[in-house]
Amino acid sequence: MKQINIKKGEVLQKSGDLNSKVYQVISGLLRSYTIDHKGKEHIFMFAPENWTIADSQPKEKPCDLYIDALEDSVVIVLKKDIKRESQNIGAFIKRLSVLQNRVIMLMSFSAIERYEHFEETYPEILQRVTQKMIASYLGITPESLSTIKKNRINSPIS
């Protein structure tokens, strides 16, 4: 295991790279994302403190995801193998749970429900990422996110 310091904006992995790593966040904030053929970013996952982030492709195949730092961060770099991953099984299970819930959410939840789920999943980063990034993660436009937030503020509490 190797601990490294990463500056905000630094790219740790690019789509197409081989031999991706697993990053355990000690402090700071990372994200993984893809860029479609039109150049639009789609955020796959955020990784705040005590989270693990990686691309799921086997080490001999090119990565699908970019991983970069949204804040100055300190991470532990793990080699991508099951033996190492099992040493931190709690973080691995949390990551799988979040991803499974996210897929289900994208298939069946309304935009408002997806935003509420985001608030529950990532309460510590709501003020740390841009509204554009949150909208990308939710699969909606920034304008739709703004409308959702405005409607929540203006609606009476049940």
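Scroll up for the structure.
Model, not experiment: these values are computed from the prediction. (Residues numbered from 1 in each chain as written. Predicted model: local features only at pLDDT ≥ 70, side-chain atom pairs only at ≥ 80, totals over all residues. Heavy atoms only, no water.)

1. Concerning the packing of aromatic side chains
Move 1: Enumeration according to the criterion identifies eight aromatic pairs in this entry.
Move 2: Considering the side-chain rings of Phe46 and Tyr137, the 5.6 Å spacing of their centres and the 40 degrees angle between planes classify their relative orientation as tilted. Remark: Tyr137 occurs in helix H4 (residues 131–138) and Phe46 occurs in strand S5 (residues 41–47); sequence separation between them is 91 residues. Each member of the pair, Phe46 as well as Tyr137, carries the same accessibility label: buried.
Move 3: Aromatic ring contacts, followed pair by pair, group Phe46, Trp51, Phe118, Tyr122 and Tyr137 into a single cluster.
Move 4: Just above the ring of Tyr33 sits the side chain of Arg31; from NZ or CZ to the centre is 4.0 Å. (Phe/Tyr/Trp six-rings, centres within 6.5 Å; stacked < 30°, edge-to-face > 60°. Helix = DSSP H or I, 4+ residues; strand = E, 2+ residues; numbered from the N terminus. Buried < 20%, exposed > 50% of the residue type's maximum accessible area, 1.4 Å probe, protein only. Lys NZ or Arg CZ within 6 Å of the ring centre and 35° of its normal.)

2. Concerning the nonpolar core
Move 1: If you look at the biggest cluster of nonpolar residues, it comprises 34 residues, and the most contacted ones within it are Leu30, Phe46, Phe118 and Tyr122.
Move 2: Looking at which element gives the most residues to this core, the answer is H4, with five residues.
Move 3: Here Phe46 is in contact with Leu29, Leu30, Arg31, Trp51, Leu70, Phe118, Tyr122, Ile125, Val129, Met133 and Tyr137, once residues within four sequence places are set aside. (Core = buried A, V, L, I, M, F, W, Y, C linked by side-chain atoms within 4.5 Å. Contact = heavy atoms within 4.5 Å.)

3. A short note on the pairing of S5
Move 1: When strand S4 (residues 30–35) meets S5, the two strands line up antiparallel, connected through six bridges. Bridging across to S5, Leu30 finds its partner in Ala47.
Move 2: Where S4 folds back on S5, the antiparallel hairpin that results is connected by five residues, among which Gly39 adopts a positive phi of roughly 90 degrees. (Pairing = 2+ DSSP bridges.)

4. Here's the deal with the side chain of Gln13
Move 1: Within the fold, Gln13 resides in strand S2 (residues 11–13).
Move 2: Judged by its relative accessible area of 2%, Gln13 is buried.
Move 3: From its side chain, Gln13 meets the backbone oxygen of Leu65 in a polar contact 2.8 Å long.
Move 4: Excluding residues within four positions of it along the chain, Gln13 makes contact with Ser20, Lys21, Asp55, Cys63, Leu65, Tyr66 and Ile67. (Polar contact = N/O pair within 3.5 Å; in protein donor to acceptor, adjacent residues only side chain to side chain.)

5. Quick word on the pattern of salt bridges
Move 1: The tally for this structure, following the rule as stated, stands at five salt bridges.
Move 2: We note a salt bridge from Asp68 to Arg31, for which the minimum N-O separation is 2.8 Å. Of this pair, Asp68 sits in strand S7 (residues 66–69) while Arg31 sits in strand S4, and the two are 37 residues apart along the sequence. Note on accessibility: Asp68 and Arg31 belong to one class, buried. (Salt bridge = Lys/Arg side-chain N within 4 Å of Asp/Glu carboxyl O.)

6. With respect to the sheet that holds S2
Move 1: Taken in spatial order, the four strands of this open sheet run S2-S7-S4-S5, and their pairing is antiparallel. Looking at which strands have only one partner, the edges of the open sheet turn out to be S2 and S5. When strand polarity is set aside, the average angle formed by the axes of neighbouring strands in this sheet is 30 degrees.
Move 2: Those strands touched by H4 are S4 and S5, and its axis lies near 100 degrees from that of S5. (Axes fitted to C-alpha atoms, helices over the stretch in contact; angles between N-to-C directions.)

Remember that the coordinates give geometry; whether it matters functionally is a separate question.
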